[in-house]
Amino acid sequence: MIDLRSDTVTQPSPRMRRAMAEAEVGDDVYGEDPTVNRLQGLAAERLGFEEALFFPSGTMANQVALLLHLRRGQEVLAPEGAHLYEYELGAPAALAGALVRPYPAPRGRPDLKALRALFHEGPHQAPIGLITVENTHNLAGGRVVEEGITRGVLEFAREKGLPTHLDGARLFNAAIALNTEPSRLARGFTTAMVSLSKGLGAPVGSLLLFPKAMAKEARRYRKLLGGGMRQVGVLAAAGLVALEEGPSLLPQDHARAKALAEGLRKLGLEPEEVETNMVYLPHPHPEALAQALKAQGVLVGVLKGRLRLVTHRDLEDSAIERALAAFRWVLENPLGQFRTKGG
């Protein structure tokens, strides 16, 4: 099977497996796992923060960030389609007692004028306690948020005296696409989250980055949510390898996604513009098309009426060619709903 559902499906590389087997470990709840500590130190240094904390998932890391910033009954402003609003199971309300108010973000990019217009300080609405940005923006098609746009959001937050959080699950993809360093894209945010288990290829794990003053509370909230891990250096070792070798592999993921999109256009389909490692394909029958492709050996995701195809480090150029061949077969065989352009 060619698995294009997500970049989370990757297998640990041989180097990761060796590092995991040989990892020096300790009890991380006591802060005594040397491999975890090295990972956290390296991440903080590379991304320009004072502290980092290793988490089993990006969702948990995002929710700890909200707990650090918000009081119950406050609002968090998040870009429309944000992962923490769409795909974190209502955790802001369930855990932090917070409301999420989406603000306009066409193509995943915050509309600063609309954000300003949405802001309120009156006595009849929940007080705003946090502004977030997602980079890359998953539901917008893996789109990147340029540094200039981010600066505008950060300046507005400072003007209003509000903290900021960056959901940077695929921040390294954004940095590659913009030909910059991930630390530049994270600069100025109060907290940030990056994932190790997506484009970077680790089997598990995300990192939350924050000021040193938040370290004690961050650990407390992680423990409260069940994230107190013990000899977890066996996983952090893979994360270290992911940080070291993963970013250099991302350009080929982006190139393959663009090749995939171009191939789909030649077949008469109309994928959305590709900026990173995601291809979104609108279709009137996405579930049926996904099932037909599965029968031809290609797994794809379906999100909100679109097929999502994600390239990753476990794919080669031949996999893209085979995926396009599967699309061609499905389109050319007598399945009427797949035969028209865009449908």
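Novice: I keep staring at the overall build of the chain and nothing clicks. Help me out?
Specialist: A tally of regular secondary structure across the chain gives 13 helices and 12 strands. For 343 residues, the compact-globule estimate of 2.2 N^0.38 gives 20 Å, and the chain sits close to it at 21 Å. In terms of principal-axis extent, the alpha carbons of the chain reach across some 60 × 55 × 35 Å. Residue burial in the chain is summarised as follows: out of 343 residues, 57% are buried. Across the chain, the fraction of contacts at a sequence separation of at least 24, relative to all contacts at a separation of at least 6, is 76%. In the structure as shown, the chain presents an accessible area of about 14,300 Å², 50% of it carried by carbon and sulfur atoms. Computing the positive centroid from 41 side-chain charges and the negative centroid from 39, the chain places the two 2 Å apart.

Novice: Could you clarify how one ought to interpret helix 2 (residues 34-47) in this entry?
Specialist: Note: α-helices contain 3.6 residues per turn, so residues at a spacing of three or four share the same orientation. When the terminal C-alpha atoms of helix 2 are compared, their 20 Å separation across 14 residues agrees well with the 20 Å that a helix rising 1.5 Å per residue should span. Every buried residue belonging to helix 2 is among Thr35, Val36, Leu39, Gln40, Leu42, Ala43, Ala44 and Leu47, and all of these are buried. Where helix 2 begins, the capping side chain belongs to Asp33, and its oxygen is found 3.0 Å from the backbone nitrogen of Thr35. Note on helix 2: the residue one or two positions beyond its end, Gly48, has a positive phi of about 80 degrees.

Novice: How should helix 13 (residues 317-332) be read in this particular structure?
Specialist: Taking 1.5 Å per residue, 16 residues should reach 22 Å; helix 13 reaches 23 Å between its end C-alpha atoms and fits that length. Listed as buried for helix 13 are Ala319, Ile320, Ala323, Leu324, Ala326, Phe327, Val330 and Leu331. Buried residues of helix 13, seen end-on, are gathered within an arc of 150 degrees and therefore sit on one face of the element. Along helix 13, the residues that are exposed and aim more than 90 degrees away from the buried face are Glu321, Arg322 and Glu332. Where helix 13 is buried, its residues meet strand 1 (2-3), helix 11 (233-266), strand 9 (278-282), helix 12 (286-295), strand 10 (298-299) and strand 12 (306-310).

Novice: I'm lost on the sheet that holds strand 3 (residues 75-79) in this one. Help?
Specialist: Sheet architecture is open: 7 strands sit in the order 2-8-7-6-5-3-4, paired in mixed fashion. Two strands in the sheet have a free side with no partner beyond their single neighbour: strand 2 (51-55) and strand 4 (99-103). Along the sheet, successive strands turn relative to each other by an average axial angle of 20 degrees, direction set aside. The pairing of strand 7 (residues 191-195) with strand 8 (residues 206-210) spans 4 bridges and is classified as antiparallel. Bridge assignment links Ala192 to a residue of strand 8, and that residue is Leu209.

Novice: It is not clear to me how the packing of helix 1 (residues 14-22) against helix 11 should be interpreted in this structure. Could you clarify?
Specialist: The relative placement of two packed helices comes down to the angle between their axes together with the axis-to-axis distance. In the contact formed by helix 1 and helix 11, the axes pass within 7 Å of each other and the chain directions differ by 145 degrees. Between helix 1 and helix 11 lies a crossing of right-handed hand. Seen from helix 1, the contacting residues are Arg15, Met16, Ala19 and Met20; seen from helix 11, they are Val234, Leu235, Ala237, Ala238, Val241, Ala242, Glu244 and Glu245. Class assignment for the residues of the contact of helix 1 with helix 11 results in 9 nonpolar, no polar and 3 charged.

Novice: Can you help me understand the packing of aromatic side chains in this one?
Specialist: Two numbers describe a pair of aromatic rings. These are the distance of the centres and the angle of the planes. Throughout the structure, instances matching the rule amount to 1 aromatic pair. Ring geometry for Phe119 versus Phe156: centroids 5.6 Å apart, planes at 85 degrees, classification edge-to-face. Taken together, the residues span a long stretch of sequence, with Phe119 in the loop between helix 6 (112-118) and strand 5 (128-134) and Phe156 in helix 7 (residues 147-160) at a distance of 37 residues. When the ring centre of Tyr221 is taken as reference, the NZ or CZ atom of Arg220 above it lies at 4.7 Å. Taking the ring centre of Phe55 as reference, the NZ or CZ of Arg222 above it sits at 5.9 Å.

Novice: I tried to follow the layout of surface pockets on my own but got confused; where do I start?
Specialist: Sizing a probe to match a water molecule and rolling it over the atoms shows the empty space that remains. By volume, the largest pocket amounts to about 190 Å³. Around the largest pocket, the lining is made up of 16 residues, and of these His83, Asn138, Ala169, Arg170 and Lys198 lie nearest the centre. By residue number, the principal contributor to the lining of the largest pocket is helix 3 (residues 58-69), which donates 3 residues. Per-class residue counts for the lining of the largest pocket are 2 nonpolar, 8 polar and 6 charged.

Novice: Explain the nonpolar core to me, please; I cannot follow it from the model alone.
Specialist: In summary, soluble globular proteins display a tendency toward joint burial of nonpolar side chains. With 48 residues, the main nonpolar core has Leu39, Phe54, Ile131, Leu196, Leu209 and Leu243 as its most contacted residues. Take this core: its biggest share by element is 7 residues, from helix 11. Grouped together as the second largest cluster of nonpolar side chains are 27 residues, Leu264, Ala319, Ile320 and Phe327 included.

Rules behind the numbers
- Residue numbering note: each chain is counted from 1, following its sequence as written.
- The model is predicted, so local features are restricted to residues of pLDDT at least 70 and side-chain atom pairs to those at 80 or more, both for listing and for counting; the totals for chains, interfaces and linings are taken over all residues.
- Just so you know, side-chain values use all the structure's heavy atoms and leave hydrogens and water out.
- Comment: elements are numbered from the N terminus, with helices defined as DSSP H or I runs of at least four residues and strands as E runs of at least two.
- Atoms counted for the radius of gyration: C-alpha only. Globule rule: 2.2 Å times residue count to the power 0.38.
- Residue burial is assigned from relative accessible area. The probe radius is 1.4 Å, only protein chains are included, and a residue is buried under 20% of its type maximum, exposed over 50%, and partly exposed in between.
- A contact between two residues is defined here by any heavy atoms of the two lying within 4.5 Å.
- Residue burial considers only the protein chains on display, and all accessible areas are found by Shrake-Rupley using a 1.4 Å probe.
- Charged residues are defined narrowly, with Lys and Arg counted positive, Asp and Glu counted negative, and His plus the chain ends left uncounted.
- A charge is said to be at NZ when it belongs to Lys, at CZ for Arg, at CG for Asp and at CD for Glu.
- In this analysis, the expected span of each helix is defined as 1.5 Å times one less than the number of residues it contains.
- In the analysis that follows, any N or O atom pair within 3.5 Å is treated as a polar contact, provided that within protein one partner can donate a hydrogen and the other can accept it, and provided that, for residues neighboring in sequence, both atoms belong to side chains.
- When we speak of the arc, we mean the arc of directions from the helix axis to the C-beta atoms.
- Two strands make a pair as long as DSSP finds a minimum of two bridges between them.
- Every axis in this analysis is a line fitted to C-alpha atoms, fitted for helices over the stretch in contact. Angles between the N-to-C directions lie between 0 and 180 degrees.
- The crossing is said to be left-handed when, going from far helix to near helix, the turn is anticlockwise and less than a right angle, and right-handed when the turn is clockwise.
- Polar here means any residue outside two lists: the nonpolar Ala, Val, Leu, Ile, Met, Phe, Trp, Tyr, Cys and Pro, and the charged Asp, Glu, Lys and Arg; Gly therefore counts as polar.
- The pairing test for Phe, Tyr and Trp rings, Trp by its six-membered ring, is centres within 6.5 Å, and the orientation test on the planes gives stacked under 30 degrees, edge-to-face over 60, and tilted for anything in between.
- Criterion for a charge above a ring: Arg CZ or Lys NZ at most 6 Å from the ring centre, at most 35 degrees from the ring normal.
- The method works on a 1 Å grid over the protein atoms by themselves. A cavity is a set of points holding a 1.4 Å probe that cannot get out, a pocket is an open set with protein on both sides within 12 Å along at least five of seven lines, and residues with an atom within 4 Å of a point line them.
- Grid points are joined across faces, edges and corners, and a volume is the space filled by probe spheres set on the points.
- The criterion is simple. A nonpolar core is a set of buried Ala, Val, Leu, Ile, Met, Phe, Trp, Tyr and Cys residues joined through side-chain atoms within 4.5 Å.

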